[in-house]
Amino acid sequence: MATLLEPAVQLPTSNARSAGFCPDALGRIDRFYGEMVGGGLMPNMAYALARKGQVFARGHMGWADRETGRPIEADSIYRLLSLTKAYSGVAAMILVEAGLIRVDDPVADYIPAFANMKVWTDTGLVPARTAITIDHLVTHMSGLTSGFFAGPVPDLYLANGLQEGTREAQQPTLAEYVDKLASLPLIAEPGTAWNYSEGLAVLGRIVEIASGMRYADFLKTYLFDPIGATDTGFFVPHDEQHRLVKLYAAQPFTGGLEECTTMRFPRPGGPTFHPLDVTRQPGADLGGAGLAGTVDDVLRFAMMLAGKGALGEARVLKPESVAELRRGRVIDRLGRHAMMKMPLDERAIGLDMGMGVVVVREPELASYAGGQGSFSFGGSAGTRFWVDPELAL
């Protein structure tokens, strides 16, 4: 598993020109987002850029709490939400390297409740012909779905409190949460369709079973501590909660921003959920949308992946494991249009799916900036990381 050496406390730095960038051009980032924040269209923005292992640009602006006037700081803590999925992909590869799991293992080998799954059809439930594998989980081809979407199976998810990124989903243990998922029908035969899903929550439970550790403890020991991501976790300690950034949502009619205190999903009269609560330890460490962290911590994670599994003296993965993590897995099986559905829709053109990350396969078509093989992931609160291996960026 990860080489547990003393993590680098200080990231190496350079400047824009040394990194091959025009300082004036980089200034457009601050000007553009300054107008967005100043005009009340965004509450805040923060970023960090590194190339060839050196940080060459940082910035932050706006409010962590608009009501009290508390500004964003360099060490502000954000809810990462679905950005968590990329961390779970790395966790899977750590266990693959250790020989504790294989990506083609059936999920039922670890969680028996996933044996004998049923698939929802218009005419009723039918037995699944194919076993769900770990590979299916990390690529969203498992047949699981999400309450974000409309339909009979997503409705069942919401009725059972199964929606990562919400306070309600944090209440059971991870084992209980995953067993609930297994009790509901699949939306498609495993391996035959791409559907953004709760699969990474199931993966987190497999990590617990294979490692014998709580998922949060596994990530801390084998990922966060080695790279020095000291502020990343499934909850923020009480004495650090003054750094936590509030969630805001744009109001469709007024165009203004309001604090996001409830979440409704796309169906009339549906249940009300509340945003992810990171002020206390959750019952379930949800591997698809549960983490909080800082810009610096996310940068360290991205730099580790850009460094082919190493950051400074700490090695989390072998280079070949990072190559496997970012290898596209969906297009070759399901076609180039398979991912053109929510939440990506037309933005999926030119993209493929690796292990918890989106990969640029056709740069000339992709809406994401980046060259061939660039990979990234993000969360619904506006968090995102990306790595361009060709540019070492």
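This text goes with the structure placed above it.
All of the points below concern the structure found in this document. (Residues numbered from 1 in each chain as written. Predicted model: local features only at pLDDT ≥ 70, side-chain atom pairs only at ≥ 80, totals over all residues. Heavy atoms only, no water.)

**Thoughts on the overall build of the chain**
Phase 1 of the analysis: Summing up its helical and strand segments, the chain has ten helices and 17 strands in all.
Phase 2 of the analysis: For 393 residues, the compact-globule formula gives about 21 Å, and the C-alpha radius of gyration of the chain, at 20 Å, lands near that figure.
Phase 3 of the analysis: When the 393 residues of the chain are sorted by exposure, 52% land in the buried category.
Phase 4 of the analysis: Within the structure as shown, the chain displays about 17,100 Å² of accessible surface, and the carbon and sulfur contribution to it stands at 53%.
Phase 5 of the analysis: Taking the average location of the 36 positive side-chain charges in the chain and that of its 44 negative ones, the two points are 3 Å from each other. (Helix = DSSP H or I, 4+ residues; strand = E, 2+ residues; numbered from the N terminus. Rg over C-alpha atoms; globule rule 2.2 N^0.38 Å. Buried < 20%, exposed > 50% of the residue type's maximum accessible area, 1.4 Å probe, protein only. Areas by Shrake-Rupley, 256 points an atom, 1.4 Å probe, with all protein chains shown as cover. Lys, Arg positive; Asp, Glu negative; His and termini not counted. Charge placed at Lys NZ, Arg CZ, Asp CG, Glu CD.)

**Notes on helix α6 (residues 199–211)**
Structurally, the α-helix is built with 3.6 residues per turn, so residues lying three or four positions apart point the same way.
Phase 1 of the analysis: In a regular helix each residue adds 1.5 Å, so 13 residues correspond to 18 Å; α6 covers 18 Å between its end C-alpha atoms and thus fits that length.
Phase 2 of the analysis: Within α6, ten of the 13 residues are buried, leaving the element largely enclosed by the surrounding structure.
Phase 3 of the analysis: Among the residues of α6, those classed as buried are G199, L200, A201, V202, L203, G204, I206, V207, E208 and S211.
Phase 4 of the analysis: Looking at the packing, one finds that the buried side of α6 touches α2 (84–97), α3 (134–139), α5 (174–182) and α7 (215–227).
Phase 5 of the analysis: A positive phi of about 75° marks G212, the residue just after α6. (Expected span 1.5 Å × (residues − 1). Contact = heavy atoms within 4.5 Å.)

**Thoughts on the pattern of salt bridges**
Side-chain pairs of opposite charge can arise where the charged atoms are in close proximity.
Phase 1 of the analysis: Applying the stated rule across the entire model yields 21 salt bridges.
Phase 2 of the analysis: Between D104 and R102 there is a salt bridge, with the nearest N and O atoms lying 3.9 Å from each other.
Phase 3 of the analysis: On the basis of relative accessible area, R102 is assigned to the exposed category, the value being 54%.
Phase 4 of the analysis: Notably, a salt bridge pairs D231 with R243, separated by 2.8 Å at the nearest N-O pair. (Salt bridge = Lys/Arg side-chain N within 4 Å of Asp/Glu carboxyl O.)

**Some thoughts on the side chain of D297**
Phase 1 of the analysis: Position of D297 relative to the elements: it lies in helix α8 (residues 295–306).
Phase 2 of the analysis: Of the side chains bearing the opposite charge, R300 lies closest to the buried D297, which forms no salt bridge; the N-O distance is 4.8 Å.
Phase 3 of the analysis: Discounting chain neighbours no more than four positions away, the residues touching D297 are Y87, G228, A229, T230, D231 and T232.

**As for unusual backbone geometry**
Phase 1 of the analysis: Of note in this structure, K52 is not a glycine but carries a positive phi near 50°.
Phase 2 of the analysis: Examined against the element boundaries, K52 turns out to sit in the loop between β1 (44–51) and β2 (54–65).
Phase 3 of the analysis: Exposure remark for K52: the relative accessible area of 66% places this residue in the exposed category.
Phase 4 of the analysis: Here the phi dihedral of L81 falls at roughly 50°; this positive angle occurs in a residue that is not glycine.

**Some remarks on the packing of aromatic side chains**
Phase 1 of the analysis: A complete count under the given rule lists ten aromatic pairs for this structure.
Phase 2 of the analysis: Arranged with centres 5.0 Å apart and planes meeting at 90°, the rings of F32 and Y33 form a pair that is edge-to-face.
Phase 3 of the analysis: Under the relative-accessibility criterion, F32 is labelled partly exposed at 45%.
Phase 4 of the analysis: On the numbers, 6.5 Å between centres and 25° between planes, the contact of Y196 with F377 is stacked. Highlighted residues: Y196 in the loop between α5 and α6 and F377 in strand β16 (residues 375–378), separated in sequence by 181 residues.
Phase 5 of the analysis: Each member of the aromatic cluster is reached from another via a ring pair, and the members are Y87, F224, F301, F375 and F385. (Phe/Tyr/Trp six-rings, centres within 6.5 Å; stacked < 30°, edge-to-face > 60°.)

**Quick notes on helix α4 (residues 152–159)**
Phase 1 of the analysis: Of the residues making up α4, those classed as buried are V153, P154, Y157 and L158. Within α4, the buried residues cover an arc of 145° as seen down the axis, which keeps them to one side.
Phase 2 of the analysis: Looking at the packing, one finds that the buried side of α4 touches β5 (118–121), α5 and β10 (272–273).
Phase 3 of the analysis: At the C-terminal side of α4, G161 shows a positive phi close to 70°. (Arc of directions from axis to C-beta.)

**What to know about the sheet that holds β16**
Phase 1 of the analysis: Across the sheet, four strands lie side by side as β14-β15-β16-β17; this open sheet has antiparallel pairing. Sheet topology places β14 (351–353) and β17 (384–387) at the edges, where each strand pairs with a single neighbour. Looking at each pair of strands side by side, their axes are set apart by 25° on average, direction ignored.
Phase 2 of the analysis: Taken together, the four bridges between β16 and β17 define a ladder with antiparallel strand orientation. Note that in β17 the partner of F377 across the bridge is F385.
Phase 3 of the analysis: Docked against the sheet, α8 engages β16 and β17, running at close to 20° with respect to β17. (Pairing = 2+ DSSP bridges. Axes fitted to C-alpha atoms, helices over the stretch in contact; angles between N-to-C directions.)

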